[in-house]
Amino acid sequence: MPKLVKIMRGLALVLSTLAAGFATTAQAQTACGITGSATASPAVYDPFNPSGLASTNISMNITRVNPGGGGKTSEVNFYLKANPSTGAAANGTQIIPQSVAGSANITGIGLNIFYNYAAAAPTLTPINITPSGSNRFLKIEFTGNNAASDTVQVTFQVNLPANLDLGAVQNLAFDAFFACEMSGGAYNNQTQTGSFPNAVVFPVTVLSALRTYYAGTALDFGEIGAITTASLPGTPQRTNPSNHVFVQSSGAYSVTLSSQNAFKLFKPGAAVTNDKIDYRLRFLGTEVDSTSTPTPGATAISRSCQRATLSTMGNVLPIQAKLLEGGQGKNPSPTYTDVLTITVTPLVYSDPGTNACATYSLTGF
C-alpha cells in the first residue's frame, strides 16, 4: 500500500515602508472639500493571526480646499467605508480618530468612523449636526483665516480583526463620503456633499500568507495481489477521489509535487522488477507517472495558483492515483510504498497567480 503524502509548507512574506494618502478629486466635483497625506511606520497584518492587527496609530495631515474668489472650506463631516474592490472583506475594521493638532475644532474623537460595506450611512447634514455613537462621523471645523490654519493633523487608531478576507496588498484604501460648507466667496454658507474613491490609504501590509492541510486518508489501493496488469485498462484500480489538499490564502500561491520513487511503489529493500509497481497520479489537472518524470525526487507538477481567499470554501485540490501494474506475480509484501511531497508557498503580494487551481478536477482519470 502506498504511504501517503507528506505536506511541506513554505512561507514568503513581503514587508515594506508605505505612505498613506487622503486624496480627493473634490475640487472638480464641489467647491469645498479636503485633501491630505500621511506617512507612518508600516503596520503588518497577518490574516491568520487570531489576534488580528494590534492598534496602530497613524497621523494624517488634512488640508482644506480653498477655491478662488475668497471662499474657504469652513466645515467638513465625513466617514469611511471599503471601496467596491474590497467590499465586505474589510467589515469589522475600526478607524478611530484620537486627537487633532492645528487651528480646528474636532468632534467625533473616539468614534469608529468606518462603516461596513452594506451598512446604512450616517446622516451628515445639516452641516451643524453633531456626531454620536449612533451616528458616527468626524467633524472638522477650521477656525483660522490664513494659510497656516489650512492644515490640521489628525491621529487615527486603526484596528483590524482576525480573519479578514483581504487580498495581499501593501496598503488598505477606503472611500470617503462627506458633507462640507463654504465661508466667503460665491459659495458662502453653501453645503455640498460628495464622495471619492481611495480617499484614505493606510500603510497596512496584508501579508501574502496561507493555511493548508491534507484532507483524507493514505492514497491506498487496498489489496492488489490478485489484480493482473492486463485487467487494469478495463477495471481501473484507483485511490479514494475525496482525498485533497485544502488551501486558504490572502494572495496567490505556488504548488509543487514530487515523488520519492518516480511514481513507483517499492517493497522495503526492493532490488528487482518484481519488487516495484508503477502507478499514475492526477493532481492540479496534470497526470504524471514514471515515464513523464523518470527521475526520483524531481518536480513533477508545478502550478502558480490564483488567490484561494480566506473563506471556509477555500481551494479544494483533489488528488488521485491509479495502478498501471497489478500485484499478481509480484514479490509479496504488506507494504509497497512511495512518498509524495507537496509544497505550498505564498507568492509575493504583487503576483496574481496564473491558474484557477480550484477548477481542476479528477474527471476523466
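See the structure printed just above.
Residues numbered from 1 in each chain as written. Predicted model: local features only at pLDDT ≥ 70, side-chain atom pairs only at ≥ 80, totals over all residues. Heavy atoms only, no water.

Draft legend 1. Representation of the overall build of the chain in the model. Within the chain, the secondary structure is distributed over one helix and 23 strands. A total of 365 residues make up the chain; the buried ones form 49% of that total. The long-range fraction of contacts in the chain, counting pairs at least 24 apart against all pairs at least 6 apart in sequence, stands at 82%. Carbon and sulfur atoms make up 51% of the accessible area of the chain, which amounts to about 15,500 Å² in all. (Helix = DSSP H or I, 4+ residues; strand = E, 2+ residues; numbered from the N terminus. Buried < 20%, exposed > 50% of the residue type's maximum accessible area, 1.4 Å probe, protein only. Contact = heavy atoms within 4.5 Å. Areas by Shrake-Rupley, 256 points an atom, 1.4 Å probe, with all protein chains shown as cover.)

Draft legend 2. Inspection of the packing of aromatic side chains at higher detail. The final tally for this structure, using the stated rule, is six aromatic pairs. Measuring from ring centre to ring centre gives 5.2 Å for Tyr79 and Tyr115, while their planes differ by 70°; the resulting arrangement is edge-to-face. Of this pair, Tyr79 sits in strand 6 (residues 72-82) while Tyr115 is found in strand 9 (residues 114-115), placing the two residues 36 residues apart along the sequence. Judged by its relative accessible area of 7%, Tyr115 is buried. With a centroid separation of 5.3 Å and an interplanar angle of 15°, the aromatic rings of Tyr79 and Phe177 are classed as stacked. Of this pair, Tyr79 sits in strand 6 while Phe177 sits in strand 12 (residues 172-183), and the two are 98 residues apart along the sequence. Tyr79 sits in the buried class, given a relative accessible area of 7%. Among the aromatic residues, those joined into a ring-pair cluster are Tyr79, Tyr115 and Phe177. Between the NZ or CZ atom of Lys81 and the centre of the ring of Phe177, over which it lies, the distance is 6.0 Å. In this structure, Arg136 packs its charged tip against the face of Tyr115, placed 4.2 Å from the ring centre. (Phe/Tyr/Trp six-rings, centres within 6.5 Å; stacked < 30°, edge-to-face > 60°. Lys NZ or Arg CZ within 6 Å of the ring centre and 35° of its normal.)

Draft legend 3. Region of interest: the state of the cysteines. Taken as a whole, this structure holds two disulfides when the rule is applied. What pairs with Cys32 in a disulfide is Cys180, and their sulfur atoms sit 1.9 Å apart. Across the S-S bond linking Cys32 and Cys180, the dihedral sits near 75°, which makes this disulfide right-handed. Placement of the pair is Cys32 in the loop between helix 1 (26-29) and strand 3 (34-39) and Cys180 in strand 12, with a sequence separation of 148 residues. Cys180 shares its class with Cys32; the two are buried. Paired by a disulfide, Cys305 and Cys357 hold their sulfur atoms 2.0 Å apart. Because the torsion about its S-S bond is -85°, the bridge between Cys305 and Cys357 counts as left-handed. With Cys305 in strand 21 (residues 299-305) and Cys357 in the segment after strand 23 (340-346), this pair connects stretches of sequence that are 52 residues apart. For the pair formed by Cys305 and Cys357, the shared burial category is buried. (Disulfide = S-S within 2.5 Å.)

Draft legend 4. View of the nonpolar core. If you look at the biggest cluster of nonpolar residues, it comprises 41 residues, and the most contacted ones within it are Phe78, Ile140, Phe174 and Phe202. With six residues, strand 12 is the single largest residue contributor to this core. Residue contacts for Phe174: discarding those within four places in its chain leaves Leu80, Lys81, Ala82, Ala90, Thr93, Ile95, Phe114, Asn198, Ala199, Val200 and Phe202. The next biggest cluster of nonpolar side chains, apart from the first, holds 33 residues, and it includes Leu210, Leu257, Cys305 and Ala321. (Core = buried A, V, L, I, M, F, W, Y, C linked by side-chain atoms within 4.5 Å.)

Draft legend 5. Structural detail: the side chain of Gln320. Positionally, Gln320 belongs in strand 22 (residues 315-323). When its relative accessible area of 5% is taken as the criterion, Gln320 is described as buried. Of the polar contacts made by the side chain of Gln320, one reaches the backbone oxygen of Thr239; its length is 2.8 Å. When residues no more than four places from it in sequence are discounted, the contact partners of Gln320 are Arg238, Thr239, Asn240, Pro241, Arg280, Leu281, Arg282, Leu362 and Phe365. (Polar contact = N/O pair within 3.5 Å; in protein donor to acceptor, adjacent residues only side chain to side chain.)

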